[in-house]
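# Structural description and commentary
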Amino acid sequence: MSTSNKTVFMPSMLTLIGIPGLESVQCWIGIPFCAMYLIAVTGNSLLLIIIISERSLHEPMYIFLGMLAVTDMALSTSIVPKMLGIFWFHIPEIYFDSCLFQMWLIHTFQAMESGILLAMTLDRYVAICYPLRHAVIFTQQLITQIGSVLALRAVILVTPFLLLIKCRFQFYHTTVISHSYCEHMAIVKLAAENIRVNKIYGLFVAFTVAGFDLMFITVSYIQIFITVFRLPEKEARLKAFNTCIAHICVFLQFYFFAFFSFFTHRFGSHIPPYIHILFSSLYLLVPPFLNPLVYGAKTKQIRVHVVKIFCS
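Calculation criteria
- Here the residue numbers are simple positions, counted from 1 along each chain's written sequence.
- Restriction of local features to residues with pLDDT of at least 70 applies here, the model being predicted, together with a cutoff of 80 or more for giving and counting side-chain atom pairs; totals for whole chains, interfaces and linings are based on all residues.
- Only heavy atoms go into the side-chain values, all of them from the structure, while hydrogens and water stay out.
- UniProt positions are given in the numbering used here, feature names are shortened, and annotations may be inferred rather than shown by experiment.
- When DSSP finds at least two bridges between two strands, those strands are taken to pair.
- Under the scheme used here, helices are H or I runs from DSSP no shorter than 4 residues and strands are E runs no shorter than 2 residues, and both carry numbers assigned from the N terminus.
- We call two residues in contact whenever any of their non-hydrogen atoms come within 4.5 Å of each other.
- For helices, the fitted axis covers only the stretch in contact; all axes are lines through C-alpha atoms, and the angles between them, taken along N-to-C directions, range from 0 to 180 degrees.
- For each residue, the accessible area found with a 1.4 Å probe, counting protein chains only, is set against the maximum for its type, and the residue is called buried under 20%, exposed over 50%, and partly exposed in between.
- We define a polar contact as two N or O atoms separated by no more than 3.5 Å, with the added condition that, inside protein, one atom must be a possible hydrogen donor and the other a possible acceptor, whereas residues neighbouring each other in sequence contribute only through side-chain atom pairs.
- What counts as a ring pair is set by centres within 6.5 Å for rings of Phe, Tyr and Trp (its six-membered ring), and what kind of pair is set by the plane angle: stacked under 30 degrees, edge-to-face over 60, tilted for all other angles.
- Charge over a ring is defined by NZ of Lys or CZ of Arg lying within 6 Å of the ring centre and within 35 degrees of the ring normal.

The name given to the protein in an unreviewed UniProt entry is Olfactory receptor, with the source organism recorded as Equus przewalskii. On record in UniProt, under Sequence similarities (unreviewed entry), the comment for the protein is "Belongs to the G-protein coupled receptor 1 family." Heading Function (unreviewed entry) of the UniProt record for the protein holds this comment: "Putative odorant or sperm cell receptor."

What follows is the structure in structure tokens.
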């Protein structure tokens with residue numbers, strides 16, 4: 001129902017155009033995206049099965065890794081099926097409420113993943129800086145509480161996105177989203193009303209989650225490196241550092257893509273849209289794709305069990 005030639009009143013359907021400027025080659029772009037998704041689901045499922053089935057891996061580090069695997073699978077599954085529907089089957093339409101739900105899932109799982117990376121950092125901090133107290137501090141009860149708090153934090157911070165869009169906006173300039181999935185700012189920019197409150201709250205959530213987590217991760221690793229370099233034996237230093245390499249690789253690539261996507265969406269008006277959309281899509285696909293590969297290659301216990309599975 002239109003109120004004028006320029007605005008649309010409460011649209012029931014939206015249209016995702018995919019990657020603007022690359023519509024003619026989207027069918028080919030979908031091939032590596034699909035391959036990354038399949039590897040992500042297979043790798044994280046295998047990782048989760050190994051962690052659950054092997055009692056020797058029922059330690060805080062691996063339990064957090066299992067949480068990360070579940071979050072990665074949920075995050076990639078939230079976007080890839082619809083994205084491939086746009087790229088391969090030319091089905092760009094999506095119900096407005098379904099688009100909001102996809103947006104909620106994406107940002108909730110992003111916040112959870114950031115929190116899990118922080119929890120894994122704290123686990124490594126205690127294990128290296130206070131090894132004798134690690135088993136006492138990181139009990140099963142504490143791990144359960146940390147997981148619950150991280151999920152609750154994500155839900156509480158992301159849910160107002162839905163309310164601010166549904167309750168504040170009635171008129172929209174267009175129903176076409178220049179994106180391959182439903183992202184908060186991509187939806188907000190469609191509105192024909194004042195979007196300042198939504199922008200401010202989006203920035204607040206981004207810095208509350210990513211800014212807070214990254215700050216504590218950085219401080220923790222500074223303390224870890226100070227402790228490691230003070231160890232008297234070279235072998236002990238290498239062993240302690242090696243337990244952190246996989247996690248460092250994972251959180252660096254996660255936050256690199258996260259901050260690039262965040263700042264280009266808000267301040268990168270001079271960057272071509274297809275660059276931004278590609279990086280935004282890779283930001284959600286690359287971590288779930290790389291995480292099981294990185295941990296499988298760098299963690300001896302997991303590597304041994306993977307070899308056992310394939311040999312048997």
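From this point on, the discussion continues.
So, on to the sheet that holds strand β5 (residues 176–177). Judged by pairing direction, the sheet is mixed, and its three strands sit side by side in the order β3-β2-β5 without closing on themselves. Across the chains shown, the open sheet's two edge strands, defined by having one partner strand only, are β3 (93–95) and β5. For strand β2 (residues 13–16) and β3, the ladder comprises three bridges, and the chain directions are antiparallel. Considered in β3, the bridge of Leu14 is made with Ile94. Set on the sheet, helix α3 (residues 96–129) makes contact with β2, β3 and β5; between it and β3 the angle comes to about 85°.

What follows deals with the UniProt feature "transmembrane region" (unreviewed entry) in the protein. Summarizing the sequence annotation, UniProt attributes the feature "transmembrane region" (unreviewed entry) to residues 28–50, 62–89, 101–122, 142–165, 200–228, 240–262 and 274–295 in the numbering used throughout. Helix and strand shares over residues 200–228 are 100% and 0% respectively, and the end C-alpha atoms of the span are 40 Å apart. End-to-end, the C-alpha atoms of residues 274–295 are 31 Å apart, and along that stretch the chain is 100% helix and 0% strand.

Let's shift gears to unusual backbone geometry. Phi angles above zero are rare outside glycine, and Met10 is one such case at about 40°. The exposure class assigned to Met10 is partly exposed, which follows from its relative accessible area of 33%. Of note, His90 is a non-glycine position whose phi angle comes to about 50°, a positive value. Following the sequence through the fold, His90 ends up in the loop between α2 (60–89) and β3. On the accessibility criterion, His90 (65% relative accessible area) is exposed.

Here we come to the side chain of Ser281. Of note, Ser281 is situated in helix α9 (residues 273–298). In this structure the side chain of Ser281 is engaged in a polar contact, spanning 3.0 Å, whose partner is the side chain of Ser180. Discounting residues that sit within four places of it in the chain, Ser281 has contacts with Phe33, Met83, Ser180 and Tyr181.

A few words on the environment of Lys300. Along the chain, Lys300 turns up in helix α10 (residues 300–311). Between the C-alpha atoms of Lys300 and Met36, which are 264 residues apart in sequence, the distance is 24 Å.

To continue, consider the packing of aromatic side chains. Counted under the stated rule, the structure contains 15 aromatic pairs. On the numbers, 6.4 Å between centres and 85° between planes, the contact of Phe169 with Tyr172 is edge-to-face. With a relative accessible area of 1%, Phe169 lands in the buried category. Judged by its relative accessible area of 1%, Tyr172 is buried. Relative to Phe225, the ring of Tyr221 has its centre 5.8 Å away and its plane inclined at 40°; by these criteria the two rings are tilted. Of this pair, Tyr221 and Phe225 are both found in helix α7 (residues 196–229), four residues apart, which corresponds to roughly one turn of the helix. An aromatic cluster is defined as three or more aromatic residues linked by ring pairs; in this entry it consists of Phe96, Phe169 and Tyr172. Positioned above the aromatic ring of Tyr130, the side-chain terminus of Arg133 is 6.0 Å from the ring centre.

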